[in-house]
Amino acid sequence: MDSSLKHAAARTVHPYYPVDLILNHYVPNTYTMNDTLTLLFSTFGAITVGALVIAHRKRDSTVKGLGNQLTFLWFVMCGFIHFFLEGYFGVFHETLAGDQSPLGQVWKEYSLSDSRYLSSDSFVLIMERITAFAWGPLAFYTAYAMYSNSPSRHVAQIILSLGQLYGCTLYYLTTMVEGSPHCDPHPYYYYFYFGFFNIFWMVVPSLLMHNSIKHLYRAMKWVHQQEAAGIKAKKLE
């Protein structure tokens with residue numbers, strides 16, 4: 001038998017795209033898709049409840065109103081997703097295809113929409129490590145800065161949001177420009193996993209950057225007005 005045919009025959013069968021992707025350490029999940037999504041959304045639900053309970057304590061001051069409470073929740077959720085979920089990928093990417101831990105099985109389920117997570121794609125690996133170990137802690141800090149009404153809140157918010165928007169844009173475009181060869185073409189995986197799960201990190205950061213720019217602009221405008229008033233007062237003395 002030809003060596004190339006022997007090599008092809010020896011490949012481990014897997015459900016990911018492209019179909020010729022070599023993942024010889026792949027082991028099928030023991031969780032069903034419903035089990036995995038239940039685990040994931042139950043965890044998100046617990047984080048949501050915890051964050052809103054914490055925000056409730058500041059409902060009459062720094063986390064006042066539904067919009068601010070949802071913003072606080074966003075930063076807390078981003079911190080957990082970036083640091084723990086994406087951080088897990090950043091550390092264990094080489095063995096992820098055979099990983100049977102709960103987080104490993106979540107990643108294998110999501111990878112049906114983007115197999116780059118199982119092949120240690122260099123762009124995805126670098127992007128996710130930056131997201132996990134830079135944006136993750138910064139998201140927690142931004143939530144704390146908002147909770148404590150720190151003057152650094154909007155500086156942190158605009159840096160974090162710009163990083164998220166930039167990373168997500170590149171994440172989409174680096175595979176879409178090639179025709180999305182790493183994505184399962186089934187609408188459920190392509191539009192729900194790949195599209196819906198990630199679009200939040202383009203829409204919400206855009207809104208938050210707009211919010212921070214308005215606050216920083218107003219603050220700088222006030223400073224300039226005070227400086228101008230001070231110069232004018234000195235001239236009149």
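Calculation criteria
- Residues numbered from 1 in each chain as written.
- Predicted model: local features only at pLDDT ≥ 70, side-chain atom pairs only at ≥ 80, totals over all residues.
- Heavy atoms only, no water.
- Helix = DSSP H or I, 4+ residues; strand = E, 2+ residues; numbered from the N terminus.
- Rg over C-alpha atoms; globule rule 2.2 N^0.38 Å.
- Buried < 20%, exposed > 50% of the residue type's maximum accessible area, 1.4 Å probe, protein only.
- Contact = heavy atoms within 4.5 Å.
- Areas by Shrake-Rupley, 256 points an atom, 1.4 Å probe, with all protein chains shown as cover.
- Lys, Arg positive; Asp, Glu negative; His and termini not counted.
- Charge placed at Lys NZ, Arg CZ, Asp CG, Glu CD.
- Salt bridge = Lys/Arg side-chain N within 4 Å of Asp/Glu carboxyl O.
- UniProt positions renumbered as here; feature names shortened; annotations may be inferred.
- Disulfide = S-S within 2.5 Å.
- pLDDT = per-residue confidence, 0-100.
- Core = buried A, V, L, I, M, F, W, Y, C linked by side-chain atoms within 4.5 Å.
- Phe/Tyr/Trp six-rings, centres within 6.5 Å; stacked < 30°, edge-to-face > 60°.
- Expected span 1.5 Å × (residues − 1).
- Bend = angle between axes of the 7 residues up to and from the residue.
- Polar contact = N/O pair within 3.5 Å; in protein donor to acceptor, adjacent residues only side chain to side chain.

**Describing the overall build of the protein**
- Broken down by element type, the protein carries seven helices and zero strands.
- Put simply, the protein runs from its N terminus to its C terminus through helices and strands in the order α-α-α-α-α-α-α.
- Here the C-alpha atoms of the protein give a radius of gyration of 23 Å, more than 25% beyond the 18 Å that 2.2 N^0.38 yields for 237 residues.
- A principal-axis box enclosing the C-alpha atoms of the protein has dimensions of 100 × 35 × 30 Å.
- Sorting the 237 residues of the protein into buried and exposed places 40% on the buried side.
- In the protein, 68% of the contacts between residues at least 6 apart in sequence involve partners at least 24 apart.
- Accessible surface, the protein as shown: approximately 13200 Å² in total, 68% of it carbon and sulfur.
- With 16 positive and 15 negative side-chain charges, the protein shows a separation of 19 Å between the mean positions of the two kinds.

**A few points about the pattern of salt bridges**
- Counted under the stated rule, the structure contains one salt bridge.
- One salt bridge in this structure joins arginine 116 and aspartate 114, with 2.9 Å as the shortest N-O distance. Across this residue pair, the class does not change: arginine 116 and aspartate 114 are buried.

**Examining the UniProt feature "transmembrane region" (unreviewed entry) in the protein**
- Sites flagged by UniProt as "transmembrane region" (unreviewed entry) map to residues 36–54, 66–85, 123–143, 155–173 and 188–208.
- In residues 66–85, helix accounts for 100% and strand for 0%; the two terminal C-alpha atoms are 27 Å from one another.
- For residues 188–208, the end-to-end C-alpha separation is 29 Å, with 100% helix and 0% strand making up the annotated structure.

**Here we look at the state of the cysteines**
- Tallied over the full model, the rule gives zero disulfides.
- The closest cysteine sulfur to the non-disulfide-bonded cysteine 78 is located on cysteine 168, 11 Å from its own sulfur.
- Residue cysteine 183 stays outside any disulfide, its sulfur separated by 13 Å from that of cysteine 168, the closest cysteine.
- Residue classification places cysteine 183 among the buried residues on the basis of a relative accessible area of 4%.

**Observations regarding the confidence of the model for the protein**
- For the protein, mean pLDDT is 92; residues scoring 70 or higher make up 95% of the total.
- In the predicted structure, residues 3–9 sits below a pLDDT of 50 and forms two contacts with residues beyond four places in sequence or in another chain.

**Re the side chain of threonine 71**
- Residue position: threonine 71 is located in helix α3 (residues 65–92).
- By relative accessible area, threonine 71 is classed as buried at 15%.
- Excluding residues within four positions of it along the chain, threonine 71 makes contact with Met146, Arg153, Gln157 and Leu208.

**Let's talk about the nonpolar core**
- Grouped together as the largest cluster of nonpolar side chains are 50 residues, with contacts concentrated most on Phe72, Trp107, Tyr110 and Tyr117.
- Mapped onto this core, the elements with two or more residues apiece are α2 (33–56), α3, α4 (102–110), α5 (122–147), α6 (153–176) and α7 (187–236).
- When residues of this core are assigned to their parent elements, the largest contribution, eleven residues, is made by α3.
- Setting aside its immediate chain neighbours within four residues, tyrosine 110 contacts Tyr117, Tyr171, Tyr193, Phe194, Phe197 and Asn198.

**Brief notes about the packing of aromatic side chains**
- Tallying each qualifying case throughout the model produces 33 aromatic pairs.
- Plain terms: the ring middles of phenylalanine 83 and phenylalanine 133 are 6.0 Å apart, the flat faces sit at 90° to each other, and that makes the pair edge-to-face. Of the two residues, phenylalanine 83 sits in helix α3 while phenylalanine 133 sits in helix α5, which places them 50 residues apart along the sequence.
- Here the aromatic rings of phenylalanine 89 and tyrosine 117 are separated by 4.9 Å at their centres, their planes lie at 70°, and the arrangement is edge-to-face. Taken together, the positions of phenylalanine 89 in helix α3 and tyrosine 117 in the loop between α4 and α5 put the pair 28 residues apart, joining distant regions of the chain. We note that phenylalanine 89, like tyrosine 117, is buried.

**A short note on α5**
- With 26 residues, α5 should reach 38 Å at 1.5 Å per residue; the first-to-last C-alpha distance of 36 Å fits that figure.
- Approximately 35° is the largest bend angle found in α5, and it occurs at tryptophan 135, with the proline proline 137 only one to four residues beyond.
- The N-capping residue of α5, defined by a side-chain oxygen 3.2 Å from the backbone nitrogen of phenylalanine 123, is aspartate 121.

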